[in-house]
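As a plain string of letters, each chain reads:
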Amino acid sequence: FLPSLCDLPHAPFPRVRFAPPVTVDPSPLLPNSWQTSHASSNAAGEGMGDFGDRQALLEESETYGSAESFWNTKEIRGRKPNWQSLRDAKRIDDSSYEWLTRFCREPLHTQLAICSEDSTKFCQSFLSVLRDVSQQESLLYVTTTLDELMKEGNREAAPMFKQAEGTAFDPISIVTTLITDKDNDDLLLARSCNVAGGLFQAGLKAPAESVTKLMDFVRRETEWVQKGSECRRKTHCFLAILNLLAGLLRENSRRVAFMNANGTKMLLPLLQRQTNNPQLLYQVCYCLWLLTYCGEIRPKLAEMAIVAPLVHVLKGTQKEKVIRMILALFVNLIDTADMKGILSVCGAQRLLDSMKQRSWSDEDITTDIDTLANKVAHNVEAMSTFDEYSKEVLSGELEWTPIHKSPAFWEKNVHKFVEKDMQILRVLIQLITPGAQVDGARVQDKVLAIALHDVGEFVRAHPAGKKYINSLEAKRHIMTHLTSSAPQVSKEALTCVQKLMVH
């Protein structure tokens, strides 16, 4: 069985942030597979918070009515399966028939107590139905009831299934079969995914074959969005699939396998295409947050391609739960690689300063904003020297380092641009001159975009900036780039022209 360390003590979600670095020995992936090794990792998941907001799949949807019409809980639980016919067909035995008949007579709030009285019979009866019955109505009743029990009983219901691990009634193996059955509708699939998520949360061990099937299933479902297609699942079903993925990512070797299979490329399109669905954004961010607890893959998360979309979401959302999750993710990464610099380039410093002015109901948000703002500001201050900037410009190899977008740098150093016969300003103008070369090669679009940006900032910050630019006849070069085929170049050229017009 694959190891699961989810039975480690959990802190209240998501207070505990920095998980200790862990050492993971990732196994090679099978072709077209996400299979993980049987080797355990010593601290996977340590210090990690509770497993998301499962109740939010219903309660925090944009419209409660549409969510309830999808889950249809009351009607489904009102249609009791014909246990006698299942017994006559020898799909369940006599003892399971008697237990299920008694169980169904009780309301949900007392059913958990019945399960606790005889947890062995509870597991045997429910797993027998899920494994041996093909009737959709019975399967939907059992998965719905299990899903609701796991919500009602929190951590009490799911752990009871540990006693069946590795047997012919292995819980995750049985639920995996339900999830991967292409004949099941969205509702049965969604309930099954939620049940699997609850089992993973309870720390049940998963057979390697089941993990491979579930990972491949998630990959297939997310590929629709990754390719720019409309999701073939109803929204609440897709949320449940993400719930399943979060359960899988609670164990370190599976996190490594997910990253090795370019898993983040499956999640990022969801951030870019689903900005009007706060619950989906939250769950995608939650999956990314889980990945930050693996020291081996943390540096791979502190990259512009991942951080920039998250900052974009942070700028546009008003949902505190989404904001809290992104900030928590950033806090876990802030001391990794060039995370501080990337946040600065993405405009996080101004954003964080603005967020400080707001009142937040969640104290974690306030704490994380202060932590991030202080570290980003200190990094910008350390990098914001004119000597460092001059070296970068004179090399002709410009990068989007924090210095370029630091208001403090431009206010403090703008007059130095005209010293030494405008040496640095002249080099910037040379870089934006059509046909310019650096070391015998054409100036890269990225370098050109940064140089245009810096020329615009000079115009904005210097009282006589426009006069100097006109004296160097740079305006015509800037205008040439308005029609560039490179979007980043034409964008910066337009911004530069606008600054010339208003200053």
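A quick note: this is a predicted structure, and the numbers were derived from the prediction, not measured.

> Tell me what's going on with the packing of helix α5 (residues 94-104) against helix α7 (residues 119-132), and back it up with residues and numbers.
α7 packs onto α5 with a crossing angle of 100° between their chain directions and a minimal axis gap of 9 Å. Classified by the angle their axes make, α5 and α7 are roughly perpendicular. Where α5 abuts α7, its residues S95, S96, W99, L100 and F103 lie against K121, F122, Q124, S125, F126 and V129. In terms of residue class, the contact of α5 with α7 is made up of six nonpolar, four polar and one charged.

> So what's going on with helix α22 (residues 386-395)? Residues and values would help.
Taken together, the buried positions of α22 are occupied by F386, Y389, S390, E392 and V393. Projected down its long axis, α22 shows its buried positions confined to an angular sector of 165°, all on one face. Relative to its buried face, α22 has exposed residues pointing more than 90 degrees away, namely D387 and K391. G396 sits one or two residues past α22 and shows a positive phi near 75°.

> Which residues make up a nonpolar patch on the surface, and what values do they have?
On the surface, M479, L482 and L494 cluster together into a nonpolar patch covering about 230 Å² of accessible area. Within the element layout of this structure, M479 appears in helix α27 (residues 475-480). Taking relative accessible area as the criterion, M479 reaches 38% and is therefore assigned partly exposed.

> Tell me about the pattern of salt bridges, and name the residues and values.
Under the counting rule described, the total for this entry stands at 20 salt bridges. A salt bridge links D216 to R219; the nearest nitrogen and oxygen atoms lie 3.6 Å apart. Placement of both D216 and R219 in helix α11 (residues 208-226) is noted, with a separation of three residues, approximately one turn of the helix. The class for D216 is buried, based on a relative accessible area of 13%. Taking relative accessible area as the criterion, R219 reaches 18% and is therefore assigned buried. Because the salt bridges share partners, they merge into one network encompassing D147, E148, K151 and R191.

> Quick rundown of helix α17 (residues 304-316)? Include the residues and the values.
Each α-helix winds once per 3.6 residues, and so residues spaced three or four apart point in a common direction. The terminal C-alpha atoms of α17, which comprises 13 residues, lie 18 Å apart, in line with the 18 Å expected from a rise of 1.5 Å per residue. Of the surrounding elements, those touching the buried residues of α17 are α14 (263-273), α15 (278-291), α16 (298-301), α18 (320-333), α19 (339-345) and α20 (348-356).

Criteria and cut-off values
- Sequence order as written defines residue numbering, which begins from 1 separately in each chain.
- This being a predicted model, a pLDDT of at least 70 is required before a residue's local features are given, and a value of 80 or more before pairs of side-chain atoms are given or counted; all residues contribute to the totals for chains, interfaces and linings.
- Heavy atoms throughout the structure, all of them, feed into the side-chain values; hydrogens and water do not.
- Between N-to-C directions, angles cover 0 to 180 degrees, with each direction set by a line fitted to C-alpha atoms, over the stretch in contact for helices.
- For helices the rule is a DSSP run of H or I covering at least 4 residues; for strands it is a run of E covering at least 2, with both sets numbered from the N terminus onward.
- What sets the label is the angle itself: under 35 degrees gives roughly parallel, over 145 gives roughly antiparallel, 65 to 115 gives roughly perpendicular, and the rest give oblique.
- Note on definitions: a residue-residue contact is assigned when non-hydrogen atoms from the two residues lie within 4.5 Å.
- Following the grouping adopted for this structure description, the nonpolar residues are Ala, Val, Leu, Ile, Met, Phe, Trp, Tyr, Cys and Pro, the charged ones are Asp, Glu, Lys and Arg, and the polar ones are all others, Gly among them.
- The rule is simple: take the accessible area with a 1.4 Å probe, protein chains only, and divide by the maximum for that residue type; under 20% is buried, over 50% is exposed, in between is partly exposed.
- Each C-beta atom gives one direction from the helix axis, and the arc is the one those directions make.
- Patch definition: residues above 30% relative accessible area lacking any salt bridge, with like charges linked at up to 9 Å and the nonpolar side chains Val, Leu, Ile, Met, Phe, Trp and Tyr linked at up to 5 Å.
- Areas reported here follow the Shrake-Rupley algorithm with a probe of radius 1.4 Å; residue values treat only the protein chains shown as occluding.
- Salt bridges are counted wherever a side-chain nitrogen of Lys or Arg sits within 4 Å of a carboxyl oxygen of Asp or Glu.
- Here the expected span of a helix is defined as 1.5 Å times the quantity of residues minus one.

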